[in-house]
Amino acid sequence: MSFNVLVVNCGSSSIKYQVFDMTDERVLAQGLVDRVGILGTVLTHKRNNGTDDVVIVKDLPDHTVGMKLVLETLIHAEYGVIKDLSEINAVGHRVVHGADYFSRSVLITDEVKQAIRDCFNIAPLHNPPNLMGIEACQALMPNVPHVAVFDTAFHQTMKPANYMYALPYEVYEKYKIRRYGFHGTSHYYVTQRAAAMLNKPLKDTKIITLHLGNGASAAAVNGGSVVDTSMGYTPLEGLVMGTRCGNIDPYIVIFLMEKLNMGSTEINSYLNNKTGALGLSGVSNDFRDISEAAEGGNPRAQLTLQVYVNRVKGYIGTYIAALNGCDCIVFTAGLGENAVNIREMICENMDYLGIKIDKDKNKVRGREVDVAADDSKVRIFVIPTNEELVIARDTYDIANVNPV
Ligand code: AMP
């Protein structure tokens, strides 16, 4: 019997969705509603049957109306993929912050919603739209199980020695200030795939995962459990990202607030949107543009790539030390899967640590492959991530033990 899962990822002004037929984990349709709550909302709907994308432009005031349009699209006589809503058996929701409340995916109850709400102050950009999406879907599909899958959950195995900051202990007790880590669903997925590619039981593996997209994070995973990860209390910490600076001297924040006359809202927006590769290069937040500019001789673009690469190299070194060795390094997400030049730069001059890339094998994009040289002690894997599939699988599993 077929079992369809709708996967929903609500951002502040967007709704991403995918419908999976879990009998064979096939994607029936996927799409994006962009500019929700802003004039000129655009829904782009793709079916998995080779037909053209459907684009609908319509002003949508909020996520509930946006979700309604998604569901109408899914059952549309001409371009829908199911006959009616009773063919959606469960809904999986991406939730960014679960703090230390959730170490795995859960069936959404009123208590779960309250915990998501309790995280609003530590994830103000993400958790409110995530909850909005949950409530919109529950209102439209009240009779199916809804499951929350948290970006933070996979990192909950970190020990206090890795997640605590050297701040007065009271701020941890009072405000839960500690490192949480993000992109957990992606790190989890590629860890599983890497163990399969190593042909080893997960419990015997030491894996470093590099999720390098517009947001970026690294994780050290020992025997399937996260030991350390580069993002912290918020997704601002760690690697250099498209528009986020990652690690900087904390005093710089104070200095800039004074010099540029910024309050907390302005500095938050500045650090999230104006720094990182965009700020340093002055070219773009997209590494395709930066690489092109660097090749064309733009010195700031060249510098940006070097700063970016050096930070990643630093985390690889730190994590090899944390794991006392490493079977493989995994490159994933937009840049990790596609940026041949940056993968090569990251792995350059790392042979002391047993990391040697094969430049010819590395000339690949977006497919699972080992790009390490034959004599490299550490394998180097490119693995396309699939966070939606993890959400669909967790939702399927939880829905089957908790039918509504
Ligand atoms: P994601 O957040 O995983 O969707 O990744 C998006 C980012 O991946 C883009 O903003 C680019 O910076 C980067 N990216 C995608 N393709 C390439 C490529 N061929 N070369 C360099 N960077 C890429």
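Refer to the structure above for everything that follows.
The rules behind the values
- Residues numbered from 1 in each chain as written.
- Predicted model: local features only at pLDDT ≥ 70, side-chain atom pairs only at ≥ 80, totals over all residues.
- Heavy atoms only, no water.
- 1 Å grid on protein atoms, 1.4 Å probe; cavity = no way out; pocket = protein on both sides within 12 Å on 5 of 7 lines; lining within 4 Å.
- Points joined across faces, edges and corners; volume = space filled by probe spheres on them.
- Helix = DSSP H or I, 4+ residues; strand = E, 2+ residues; numbered from the N terminus.
- Nonpolar A, V, L, I, M, F, W, Y, C, P; charged D, E, K, R; others polar.
- Near = heavy atom within 4 Å.
- Polar contact = N/O pair within 3.5 Å; in protein donor to acceptor, adjacent residues only side chain to side chain.
- Areas by Shrake-Rupley, 256 points an atom, 1.4 Å probe, with all protein chains shown as cover.
- Pairing = 2+ DSSP bridges.
- Contact = heavy atoms within 4.5 Å.
- Axes fitted to C-alpha atoms, helices over the stretch in contact; angles between N-to-C directions.
- Core = buried A, V, L, I, M, F, W, Y, C linked by side-chain atoms within 4.5 Å.
- Buried < 20%, exposed > 50% of the residue type's maximum accessible area, 1.4 Å probe, protein only.
- Arc of directions from axis to C-beta.
- Parallel < 35°, antiparallel > 145°, perpendicular 65-115°, else oblique.
- Left-handed = near helix turned anticlockwise from the far one by under 90°.
- Lys, Arg positive; Asp, Glu negative; His and termini not counted.
- Salt bridge = Lys/Arg side-chain N within 4 Å of Asp/Glu carboxyl O.

### A few points about the layout of surface pockets
For the second largest pocket, the calculated volume is near 450 Å³. Lining the second largest pocket we find 15 residues, and of these D286, F287, R288, G334 and L335 sit closest to its centre. For the lining of the second largest pocket, the elements supplying multiple residues, two or more each, are α10 (287-295), α12 (333-338) and α13 (340-347). Ranked by residue count, the leading element in the lining of the second largest pocket is α10, at 4 residues. The residue inventory of the lining of the second largest pocket, partitioned by class, reads 4 nonpolar, 7 polar and 4 charged.

### Let's talk about the site of the ligand
Near the ligand, the surroundings consist of G213, N214, N285, D286, F287, R288, A333, G334, L335, N338, A339 and R365. Within the backbone of N214, one N or O atom sits 2.9 Å away from an oxygen atom of the ligand. Within the contact set of the ligand, an oxygen atom lies 2.9 Å away from a backbone nitrogen or oxygen of G334. The fraction of the free accessible surface of the ligand (500 Å²) that becomes covered by protein chains is 74%.

### Here's the deal with the sheet that holds strand β2 (residues 14-21)
Pairing within the open sheet is mixed, and its 8 strands lie in the order β5-β4-β3-β2-β1-β6-β8-β7. Looking at the sheet topology across the chains shown, the edges are occupied by β5 (54-57) and β7 (106-107). Pairing geometry for strand β1 (residues 4-10) and strand β6 (residues 90-95), over 4 bridges, is parallel. Paired with V8 across the bridge in β6 is H93. Contacting β1, β2, β3 (26-34), β4 (42-47) and β5, helix α1 (residues 63-74) runs over the sheet at an angle of about 35° to β2.

### A closer look at the nonpolar core
In terms of nonpolar packing, the biggest core is built from 46 residues, with L212, Y308 and I316 touching the most fellow members. Elements with a contribution of two residues or more to this core: β9 (206-212), β10 (216-222), α10, α11 (299-323), β12 (328-332), α13 and β14 (379-382). The greatest single-element share of this core, amounting to 10 residues, is contributed by α11. Once residues within four sequence positions are removed from consideration, I316 is found in contact with I208, L210, I329, I346, M350 and I355.

### Notes on the sheet that holds strand β13 (residues 369-370)
Pairing is mixed in the open sheet, where 6 strands are placed in the order β11-β10-β9-β12-β14-β13. Taken across any chain shown, the strands that pair with only one partner, and hence form the sheet edges, are β11 (225-229) and β13. In this sheet, β12 lies alongside β9 in parallel orientation, the contact comprising 5 bridges. Its bridge partner being in β12, T209 is matched across the sheet by V330. Helix-sheet contacts for α13 involve β9, β12 and β14, and the interaxial angle to β12 is about 155°.

### Concerning α10
Every buried residue of α10 is accounted for by F287, I290, S291, A293 and A294. End-on, the buried residues of α10 take up no more than an arc of 165°, which puts them together on one face. Facing away from the buried side of α10, by more than 90 degrees, are the exposed residues R288, E292 and E295. Positive phi shows up at G297, right after α10, with a value of about 100°.

### Points about the pairing of β11
By the bridge criterion, 4 bridges tie β10 to β11 in an arrangement that is antiparallel. For V221, the partnering residue across the bridge sits in β11 and is V226. As consecutive antiparallel partners, β10 and β11 are separated by 2 residues, and within that stretch G223 has a phi angle of approximately 60°, a positive value.

### Comments concerning α13
Because an α-helix completes one turn every 3.6 residues, residues spaced three or four positions apart along the sequence face the same direction. The buried fraction of α13 is high, at 6 of 8 residues. Considering only its buried residues, α13 is in contact with β9, α10, α11, β12, α12 and β14.

### Brief notes about the environment of K274
Topologically, K274 is positioned in the loop between α8 (264-273) and α9 (276-281). For K274, a relative accessible area of 51% gives the class exposed. Through-space distance from the C-alpha of K274 to that of R244 is 7.0 Å; in sequence the pair is 30 residues apart. Discounting chain neighbours no more than four positions away, the residues touching K274 are T243, S269 and G279.

### A look at the packing of helix α2 (residues 110-118) against helix α3 (residues 127-140)
Interaxial distance between α2 and α3 falls to 9 Å at its minimum, and their mutual angle equals 155°. The angle between α2 and α3 falls in the class roughly antiparallel. Once α2 is placed against α3, the crossing between them reads as left-handed. Across from K113, I116 and R117 in α2, the residues of α3 making contact are N127, L131, I134, E135 and Q138. Split into classes, the residues belonging to the contact of α2 with α3 amount to 3 nonpolar, 2 polar and 3 charged.

### As for the side chain of E337
By the secondary structure assignment, E337 is in helix α12. Although E337 is buried, it makes no salt bridge; R343 carries the closest opposite charge, 8.1 Å away. Reaching out from E337, the side chain makes a polar contact with the backbone nitrogen of T385 at a distance of 2.9 Å. Aside from chain neighbours lying at most four places away, what touches E337 is T332, R343, V364, R365, G366, V382, I383, P384 and T385.

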